[in-house]
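Close look at the chain arrangement
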Amino acid sequence: MAAKNEQSKTSKKRKQNSGKQGEVENSTRKKLKALGGPKVANPPSKGFKKPFKSSKLPSKSHSTKSDNVPKTKRESRIQAKQLAEARKKKRKRHYTLEQELASLWEKMRRHNIAKEDRSKLVNEALQKMKGTIHEIAGSHVSSRVLQTCVKYCSQPERDAVYKELGPHLLTLACNTYAVHLVKKMLDNASKEQLAGFISSLRGHVASLLRHMVGSVVVEHAYQLANATQKQKLLMELYAKQFQLFRDYPSTKESRLIDLISKLKLEKASVLEHMNSTIQPLLEKGIVDHSIIHKALIEYLSIADKSSATVVIQQLSGPLLVRMIHTRDGSKLGMLCVKHGSSKERKKLIKGMKGHIGKVAHDQCGSMVLVCILSTVDDTKLITKIVIRELQTILKELVLDKNGRRVLFQLLHPNCPRYFSPDDLASLDLSIPSLSTELVEGSKKDPSLRRKELLIDSGLSEGLIDTCIESAGELLRSNFGREVIFEVATGGAGGLLRPTFDEKLDFLHAAIASLASQPKSEGSEEHILENFHSSRTIRKLVLDNPLFASTLWKKCLQGKCEMWAQGHSGKVVSAFLESSDLMVRELAKEELQPLIDSGVLKFPNTKSLAN
């Protein structure tokens with residue numbers, strides 16, 4: 001013990017001495033640094049050895065090193081390219097074939113190539129691919145080559161390709177690149193080939209629809225199919241037995257409720273099967289296809305109250321914007337607007353933000369906007385999201401066949417002149433299980449809602465200004481002329497009067513000033529001689545006495561003989577056909593001699609005597 005104590009004491013003394021020496025050395029360094037003296041080098045530590053010098057390392061032969069490393073950037077690029085090519089050859093089985101096909105494809109896809117030369121290149125490419133088409137069809141390069149070959153090859157060659165790909169089409173339908181080839185094959189397929197492919201889909205329709213890529217092929221086949229084939233594809237989504245039994249009796253009934261009654265299916269099992277098919281599609285967001293829209297419409301026609309409510313809650317939002325481009329998708333949108341709660345309607349309208357212009361120009365989507373304008377009571381929300389976006393594209397809407405329907409619903413609601421019977425029927429659709437309930441948020445008086453959306457929002461003022469600025473263009477347009485007619489007459493029920501009396505008078509004066517311009521031999525027809533504009537002005541004379549008096553005083557008084565022939569003669573004779581006595585008396589004195597002399601043709605001369 002005594003020896004150990006002595007050793008520990010000596011080690012402590014050594015540490016103390018070394019610490020003191022270090023402090024002395026540090027203090028001397030600081031003093032020299034302050035005085036500007038020479039720097040004192042740090043003493044080498046005893047615990048570490050000096051590193052080896054590079055000259056003492058074993059050196060490799062410089063000759064081999066200089067041979068492997070390229071001397072220039074060009075050589076390094078070539079070497080990297082060769083290495084990448086070697087790796088691709090090991091990884092891809094048909095890499096060399098794909099390279100040859102790519103060079104042929106660059107030639108055959110040119111627009112300025114002769115048909116004979118292209119057919120030779122296509123034939124050469126098909127010969128190279130023969131026997132391996134199904135293996136290389138999923139490649140990014142080869143699928144493009146095959147699409148071009150299928151497009152330009154002869155029918156026997158196309159049949160050979162289809163025969164080789166036939167057993168593998170369902171597998172290729174789920175491939176990101178091969179799906180485009182499958183669609184091209186279906187586009188160029190004969191009736192027998194298309195029927196064969198649709199029959200091969202039996203039992204796989206639901207599973208393919210759940211696949212993001214495979215659903216595109218099912219939708220493409222559905223669009224190309226006839227009514228019977230469409231019904232077969234849809235029936236697989238209705239019940240399990242349609243997938244299992246090929247010899248199930250075919251029927252002409254297209255509605256699901258009629259199929260259930262005729263084939264004696266259990267409604268509960270059909271609902272359960274359809275729910276298990278539809279819910280994964282809604283959860284994944286695969287809602288762009290018309291076959292899914294049709295299945296959803298049929299599901300809602302037999303669904304109970306709780307099931308229908310769940311589907312409406314799922315669809316109300318940004319998801320619905322992707323569905324309303326089809327006829328059935330548009331019906332789904334209108335059903336969601338009608339039967340959705342105020343909260344769900346708010347989500348639906350907010351989901352359309354930024355897409356209102358595109359939806360308004362769509363044939364089916366515009367009807368959803370029409371339904372919103374005629375159903376939803378929250379006019380502040382509609383003004384903020386829908387009307388504000390429409391105000392920026394008013395002229396485009398007026399001149400567009402579909403876009404103007406949104407304006408017609410506010411100017412002249414549900415008018416059969418502007419809405420087809422199918423459109424009016426779709427606005428009256430309802431879900432059977434929810435139709436008995438009072439729809440929340442549709443209690444406001446329609447005339448008050450219309451006034452708030454058209455006048456209070458500022459839409460009508462912008463619309464009148466657009467009509468004044470572009471009166472000539474709108475009158476000569478096949479679509480714009482009906483909008484300017486409704487605006488000039490003040491809308492149904494005279495809603496725009498008396499708020500905009502002054503602006504409407506300006507519009508009447510603008511049309512009359514265009515009509516008072518002299519005939520010109522230029523390319524543009526005079527407004528009274530143009531087919532569309534002359535018919536519109538004639539209707540305005542018959543329906544609006546104020547416009548008729550303005551037009552007579554500014555344009556026709558004393559000049560009727562010049563305008564008594566052709567399309568303009570229809571406008572002149574309209575003054576005598578008017579139901580307003582003041583208008584008839586205004587023109588009778590000048591027009592009667594023209595009728596007696598036969599210059600002006602008037603169909604009902606007996607009415608002039610009254």
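Report on the accompanying structure. (Residues numbered from 1 in each chain as written. Predicted model: local features only at pLDDT ≥ 70, side-chain atom pairs only at ≥ 80, totals over all residues. Heavy atoms only, no water.)

1. Looking at the overall build of the protein
Going by this rule: Elements are defined by DSSP. Helices are runs of H or I of four residues or more, strands are runs of E of two residues or more, and each kind is numbered from the N terminus. Categorising residues by exposure relies on relative accessible area from a 1.4 Å probe, with only protein chains included: less than 20% of the type maximum marks a residue as buried, more than 50% marks it as exposed, and the intermediate range marks it as partly exposed. For every accessible area listed, the method is Shrake-Rupley and the probe measures 1.4 Å; residues are considered covered only by the protein chains on display.
Along its length, the protein carries 36 helices and zero strands. Within the protein, the proportion of its 610 residues that are buried is 43%. Approximately 34300 Å² of the protein is accessible, and the part contributed by carbon and sulfur atoms is 52%.

2. Topic: the pattern of salt bridges
Opposite charge on two side chains allows them to pair when their charged atoms are near. Rules: The rule for a salt bridge is simple: a side-chain nitrogen of Lys or Arg has to be within 4 Å of a carboxyl oxygen of Asp or Glu.
In total, this model carries 17 salt bridges according to the counting rule given. Among the salt bridges present, the one from Lys-128 reaches Glu-100, with a minimum N-O distance of 3.3 Å. One end of the pair, Lys-128, is in helix H5 (residues 115–129); the other, Glu-100, is in helix H4 (residues 95–108), and 28 residues separate them in sequence. Among the residues examined, Glu-100 registers a relative accessible area of 33% and is labelled partly exposed. A salt bridge links Asp-377 to Arg-449, with the shortest nitrogen-to-oxygen separation between them at 2.9 Å. Taken together, the residues span a long stretch of sequence, with Asp-377 in the loop between helix H23 (365–375) and helix H24 (379–391) and Arg-449 in helix H28 (residues 446–456) at a distance of 72 residues. Comparing Asp-377 with Arg-449, the two get one shared label, buried.

3. Topic: the packing of aromatic side chains
Our working definition: Classification of ring pairs uses Phe, Tyr and Trp, with its six-membered ring standing for Trp, and accepts pairs whose centres are within 6.5 Å; under 30 degrees between planes counts as stacked, over 60 as edge-to-face, and the remaining range as tilted. Definition used: whenever NZ (Lys) or CZ (Arg) falls within 6 Å of the ring centre and also within 35 degrees of the ring normal, the charge is taken to sit over that ring.
Using the criterion set out here, one finds two aromatic pairs in the structure. Lys-519 extends its terminal NZ or CZ atom over the ring of Trp-563, reaching a point 5.0 Å from the ring centre.

4. Observations concerning a positive patch on the surface
As a reminder of what qualifies: Exposure above 30% relative accessible area and the lack of any salt bridge qualify a residue for a patch; like charges then connect within 9 Å, and the nonpolar side chains Val, Leu, Ile, Met, Phe, Trp and Tyr within 5 Å. Residues scored as charged are limited to Lys and Arg (positive) and Asp and Glu (negative), so that His and the chain ends carry no count. Note on charges: their place is set at NZ of Lys, CZ of Arg, CG of Asp or CD of Glu.
Taken together, Lys-346, Lys-350, Lys-353 and Lys-384 make up a surface patch of like positive charges. Structurally, Lys-350 can be placed in helix H21 (residues 342–351).

5. Comments concerning the environment of Gly-493
Along the chain, the position of Gly-493 falls in the loop between helix H31 (480–488) and helix H32 (501–515). A residue is classified by how much of its surface remains accessible, and Gly-493, at 85% relative accessible area, is exposed. Through-space distance from the C-alpha of Gly-493 to that of Leu-411 is 9.2 Å; in sequence the pair is 82 residues apart.

6. Focus on the nonpolar core
For soluble globular proteins, nonpolar side chains are generally found buried alongside one another. The test is simple: Side-chain atoms within 4.5 Å link the members of a nonpolar core, which is a set of buried Ala, Val, Leu, Ile, Met, Phe, Trp, Tyr and Cys residues. Any two residues having at least one pair of non-hydrogen atoms within 4.5 Å are treated as being in contact.
Membership of the largest hydrophobic core comes to 171 residues, with the highest contact counts inside it found for Met-129, Ile-372, Val-487, Leu-551, Leu-556 and Phe-575. It is helix H18 (residues 290–302) that contributes the most residues to this core, eight residues altogether. The contacts of Met-129, once residues within four sequence positions are left out, are Leu-101, Ile-136, Val-145, Leu-146, Cys-149 and Glu-164.

7. Regarding the side chain of Glu-389
Test applied: In the analysis that follows, any N or O atom pair within 3.5 Å is treated as a polar contact, provided that within protein one partner can donate a hydrogen and the other can accept it, and provided that, for residues neighboring in sequence, both atoms belong to side chains.
You can see Glu-389 is positioned in helix H24. Salt bridges are absent for the buried Glu-389, whose nearest opposite-charge side chain, Lys-353, sits at 8.3 Å. Polar side-chain contacts of Glu-389 include one of 3.3 Å to the backbone nitrogen of Gly-354. Not counting residues within four places of it along the chain, the set of residues in contact with Glu-389 comprises Lys-353, Gly-354, His-355, Ile-356 and Gly-357.

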